[in-house]
Amino acid sequence: MTNSNPLLRRSQPARIAENLYERFELRENPFPDSPTIVPDSSDPRRNGEIYCADLRAHEQNQFERLLIPRMEHENRLIALLMDYATRRGRGIGKTAFLNHQRRRIMADLGDELTDGAYVLLAAHLIPEGGGRTRKFWQFVRLVAQTMNESKCISWAIWRLRAVSGLIPDDVLAEVDPRDPAPTLGNDQWLRQRGIEVTFALNSTVAQRLIEAGVREEVARSLAQGGHAPEDWKRQFLDHQTDYRWRQEGHLLVFDDLVRLFQAADIRQTLLLVDEVEKIVVPQNRQERRTFVDELRRHFVDGPFQNVYARFYGLLLTIHPYVQELWAPHWQASGLDRVCALSGGMSEEYTIYFNPLNAADAAVPLVLAYLDHFRIIPDQRGQLAPFDQESVVEALRLSGGVPGPMLTLLRLVLEQAIREGWGAIRVDQVRTVYETAVPIEPLEEDVPGRLPPARVDLIED
Amino acid sequence: MAEEYRMAQKKQWPPPKSREVGLFTDLTLYAEALALAQADSAVTVFTLQRELGQRLQKMRLVPQQSERTVERLVREMRYFGWLQPKRQTGEKLSTAPHIMTPQGLEVLTLSHRDPRAFRRRLVVKMQETYAIPGWFVARLWQINPDGQGEVILPAPLPDWRPSSRSWNDNDWSNMLQRQTLAAARQSRQVSSSAFPITDQDWLGAVRHVWNRLSKLQPRGRRKVDSASYSPRTRLTLAMREAGVNLLFDRIPYGDQEPDFPGERPPIYLRTFMGWCPRLETLELIGYTDWHPRVAGRLLFPTSVFRSSAPTSQFEVLREVQNPCGDSLWLHQPKWTIIRDKFLGTLVSVHSDCSAQTGVLYVSLLDVRDEVCRQLRLSALCFDRFLAQAIKDLPASDFPWSIAVETDIREQESGGAGQLRQPVYLDGVPHTLIALARLPQDKSEKGASYDQQQPSFAPLTAGTHS
C-alpha cells in the first residue's frame, strides 16, 4: 500500500509498456517528437544520429570544397550556408547537416576528409536568442564554451599527453583512439597505471604550452583541466566575468587556444555557426558594423595568431533577411573580398540549402528512420506500413521541408495505432495533415498554382 | 475561342473626349452632389466641399473632400451633362455656381430608386467620356484570353525586407535584379498566363523606372545627403509602373496595332490606380492587392464583350460596345443559378484559408477575393449572395453553419489595409468568417460541398452576423 502523505509518497517505477508499434514491426514510433536537433540527447531521433547523407550530397560537396583544407588548394576563411526556405517554417535540416559535418570531422579528426593530410576539429555553435549573443565578446565566449563542450580542447590536450613521452607505449595501447575520454582524459585511470599526473604530466603539458606562447595562467589551467570539458568549465570558464570576457576573451580564443591547437599539431578548427539571425536581428546598426569589423579583425587582418596561421574556418548559417541586414556593413568593412555576402561572387563562398524534392527524397529519408527502429533486421529497406505515394505526399505537403514531414509522419503513425489502420495510404496522410495542429502554418515560397476560374464568361 | 477573341480586338477604340478623369473612387459622391445641387438650387466647389458629409471610404474615415477632388467631381458631372454653369460667362470652374440639368434630376431620382441602375448609367457616361471602362475590360481579356482575363502586376516578394538606403545609394544591384525576376517568376507560377511579359522586357522596364525614380529629389525639405529611402517601396513603385506601361499601353504587349489613334497612352500609373477601384465598384472588374498567394495586384474581369449571352447569368449594357460592335455583358447570375457553385466555392476557399493560417476564423476579405476570382463575381454580388446563403440556413442540402464577425483585424485597422472594401451584410461591414460542418448524414446531397474538407466542431450559434 502506498503512502498518501505528500511529504513521503514516492514515485512509482515506470512499468514496462506494451510496444504499440510492434504490429508495424517497429520498436517504437521512429519519427521525432522534437522539432529541433539536440546534439547531446541520447535519443537517436533527436541527436542527429539518424541522418540520410545522400539527400544533401550536393551541399556536402560544396561544404568540403569551401571549408576542408587540402594539399592542392586553400580553403575559404569564411563561408556561408544560405537557407532559402525560412518562410516554409523551421526544419529544413540545417542543424542536422551541421551536426553531421561536425560528427564526420570529429570521428577521425578529418583523416578521411583530407586523405590523411591534416588534423581537423569542428565545433557546432548555436547562439543564444534574445540578444544575448549580439556583441562580439559574447560571440567569443560562445566559441570558447562550445569548443570546450564539443571536446576540441580536450582532443588537443589528449594529443599533447599522448606525445609527452611520459605515458608508456603499453598504456597508450590501451587507449581507444576514437574515444580517449575514459583513458587519457581520466586522471584516475592514468594514476592507476603508475603515471604521475599532477607534477609530471600536467607540468610537462603546461610547459609545452607556455613555450608555444600560451599565457601562463591559461596554459596551467588547460594542462590541469583541459582534458575533461566539465573540469575546465568548472575550473576556468565559469570564473571568467563578463568584464574579463570583454577585455581578454579574444586573446583566449584567437591567441591562446590557437597556440594550444598548433602545439597539438592540429591544422584547423571549423566553427560551424548555426542560426546567425539570433546574432544579427537583435543588433542595432552600430552593433552590426562593429561586429563585422571585429570579424574582419579577428579572422582576416588583426594581430592574432589565428590570423597569422589562418587557423579557424568559419561557416555562418544565414538566410536572405540576414544577408540584407548585414550586406552594407559587410561591404563597408571590406569583408566582401574575403567572403562575398551578396552579388555575383557570393556563389563562390556559399552553400545553398534548398527544400528537398519530394519525389526523390521522401523514400530514403523515411527509410532511414524506419530502418533504425525495425525489430527484425530483415525488414530494413521496406516502407511498410507506408507506401511510396503516401511518404512523397507527406514531404510535398510539408513544402519539401523534412522537419515538418517527420512531425506529420509521427502523428500519422500515432493515429494509425489509435484507429487500428493496417496500412497507411495517401488519403490518411492528407487527413492527418489537415488536422495536424503542431505543424507551423505553411507559407509557401513557391506558392501553389491558383485554382482556375469555375466559370467561363465567353462560353457560358 | 480565345483566338477569335484576339482577332476581334483589331479595330480601334474611339479617342476619349476627355482624359481629365477624377481620381476619387467613392462613387456615392455623384448622387450626394446632385442632391445638394437640387436642395440649394446652385452649388459651387466651395459649397460642395463644405456640405458634402464625412464618409467611410472603405475602412477609412474621410472627414472632408479636398478642393481638388470636388473640382474634379464638378468637372466630371459637367461632362456627363448632369450639372451646367448657372451663367455662361466663362467663369473659372472653381468659383462658378452650377445648377442641375433635367438629365441630372433624372439620374438623382434613379440613384434613390435603383442604385444598381444608377451604377450602370455611370458606366455608360464614363464610357462616352473616357472610353476607359470598356477598353480596360477588353484589354484584360486581350492580355490573357486563355485565363479568363486574369492578370497579375507583380510586386516584390513579401519576405524581402531590405533596410533603408541613403538617397545617393541607388545603383541597380544584383539583389534588385534577383527580386525583380523572382517576382515575375512567382506570378507565372501562380497563374501561368497572367503575366505574359518576357524576363528581358520586364527587367528592362523595371530598371528604367527605377533609374527614373532614383533621379528624383527627396520630398519636402530633406536634403539628398541626409535623406534615405526604402528600396522595397521604390522597387514596388518601379514594378507597378513598369507593369502598367507594358500591359496597358496603347499598343497591346506583343502586338503592332494600337488600340487608340494618337500617341498618348490611354492610361498612366496614376489614373490606373484610380480606375481600378472605380471599375470594381461599377462591377466590371475585380482586383486585390492582398491575395495570400500573389505578390502584387491580381486583376480579373467580371464582364465580357459578347454578341449575346444568357440573361439568367449576364446583364447587358448595350450602350457600351467594343470596336466590333459587341456589347458589354456583366456577369450577374441569378441566385438560383449560381447557388450550388457559390456554396461549394465558399466552402473550399474557406478550407484553404483555414489550412494556411491554422485557425477556423479567417479573413472574410481574403475569402471574398478568391471566391470572386474563381466565379468572376463582383464584390457587390458576393455580398448579396453571402447574405442570401446565410438567410437560407439551415438548408438540408448544405449541412454547414456560417459565422461572420465584425471585428476589425489588425491588418485592416491601419495603413493600406484600411483601403480594402469590407463585406457589407445588412449595411454592416464584416471582416471574419468561419464555416463549420453540422453533424448530418453525409449521404445527403450536401456531402458534395465538403469533399476532402476538414470536419470542424459545429459553431454554437449556427449562423450569426
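Here's a quick rundown of the structure. Computed from a predicted model, the values in this text were never measured in an experiment.

### Here we look at the overall build of chain B
Inference 1: Scanning chain B for helices and strands turns up 14 helices and 17 strands.
Inference 2: Burial statistics for chain B: of 465 residues in total, 40% are counted as buried.
Inference 3: The long-range fraction of contacts in chain B, counting pairs at least 24 apart against all pairs at least 6 apart in sequence, stands at 68%.

### What about the overall build of chain A?
Inference 1: Within chain A one finds 18 helices and 5 strands.
Inference 2: Burial status across chain A gives 44% buried among its 460 residues.
Inference 3: By sequence separation, contacts in chain A at least 24 residues apart represent 73% of the contacts at least 6 residues apart.

### Regarding helix α2 (residues 94-108) of chain A
Think of an α-helix as 3.6 residues a turn; residues three or four steps apart then line up on the same face.
Residue and element names in this part refer to chain A.
Inference 1: Taking 1.5 Å of rise per residue, the 15 residues of α2 would be expected to cover 21 Å, and the 22 Å separating its terminal C-alpha atoms lies within 8% of that figure.
Inference 2: Turning to α2, its buried residues are K94, T95, A96, F97, L98, N99, H100, Q101, R102, R104 and I105.
Inference 3: If you follow the buried residues of α2, they end up packed against α1 (57-67), β1 (78-83), β2 (120-125), β3 (268-273), β4 (312-318) and β5 (350-353).
Inference 4: Count one or two residues on from α2 and you reach L109, which has phi positive near 55 degrees.

### Considerations on the pairing of strand β12 (residues 327-331) of chain B
Residue and element names in this part refer to chain B.
Inference 1: Along β12, 4 of the 5 residues are buried, which leaves the element largely enclosed by surrounding structure.
Inference 2: Across 4 bridges, the pairing between strand β10 (residues 303-306) and β12 is antiparallel. Bridged to F305 within β12 is L328.
Inference 3: Counted between consecutive antiparallel strands, the loop separating strand β11 (residues 314-321) from β12 contains 5 residues, among which G325 sits at a positive phi close to 90 degrees.

### Section: the environment of D54(A)
Inference 1: Structurally, D54(A) is set in the segment before α1.
Inference 2: When the C-alpha atoms of D54(A) and A361(A) are compared, they prove to be 8.9 Å apart, with 307 residues separating the residues in sequence.

### What to know about the sheet that holds strand β8 (residues 285-288) of chain B
All names here are of chain B.
Inference 1: The strand order across the open sheet built from 3 strands is β5-β9-β8, with neighbouring strands paired in antiparallel fashion. Because the sheet does not close on itself, it has two edges, and the strands there are β5 (151-154) and β8. Shown here is a sheet whose adjacent strand axes are inclined to one another by a mean of 15 degrees, direction ignored.
Inference 2: Here 4 bridges tie β5 to strand β9 (residues 296-301), and the two strands are oriented antiparallel to one another. Each residue of the ladder has a partner; that of V151, found in β9, is L299.
Inference 3: Lying over the sheet, helix α8 (residues 174-190) contacts β5 and β9, oriented at roughly 160 degrees with respect to β5.

### Regarding unusual backbone geometry
Inference 1: Going from A384(A) to P385(A), the amide bond is cis rather than trans, its omega being 10 degrees.
Inference 2: Structurally, P385(A) can be placed in the loop between α15 (358-372) and α16 (388-397).
Inference 3: Even without a glycine there, the phi angle at A131(B) is positive, about 65 degrees.
Inference 4: Relative to the elements of secondary structure, A131(B) occurs in the loop between α6 (115-130) and α7 (132-143).
Inference 5: A residue is classified by how many C-beta atoms lie within 10 Å of it, and A131(B), with 21 of them, is buried.

Rules behind the numbers
- Residues numbered from 1 in each chain as written.
- Chains lettered and ligands numbered in written order.
- Predicted model: local features only at pLDDT ≥ 70, side-chain atom pairs only at ≥ 80, totals over all residues.
- Helix = DSSP H or I, 4+ residues; strand = E, 2+ residues; numbered from the N terminus.
- Buried ≥ 20, exposed ≤ 12 C-beta atoms within 10 Å, placed from the backbone.
- Contact = placed C-beta atoms within 7 Å.
- Expected span 1.5 Å × (residues − 1).
- Pairing = 2+ DSSP bridges.
- Axes fitted to C-alpha atoms, helices over the stretch in contact; angles between N-to-C directions.

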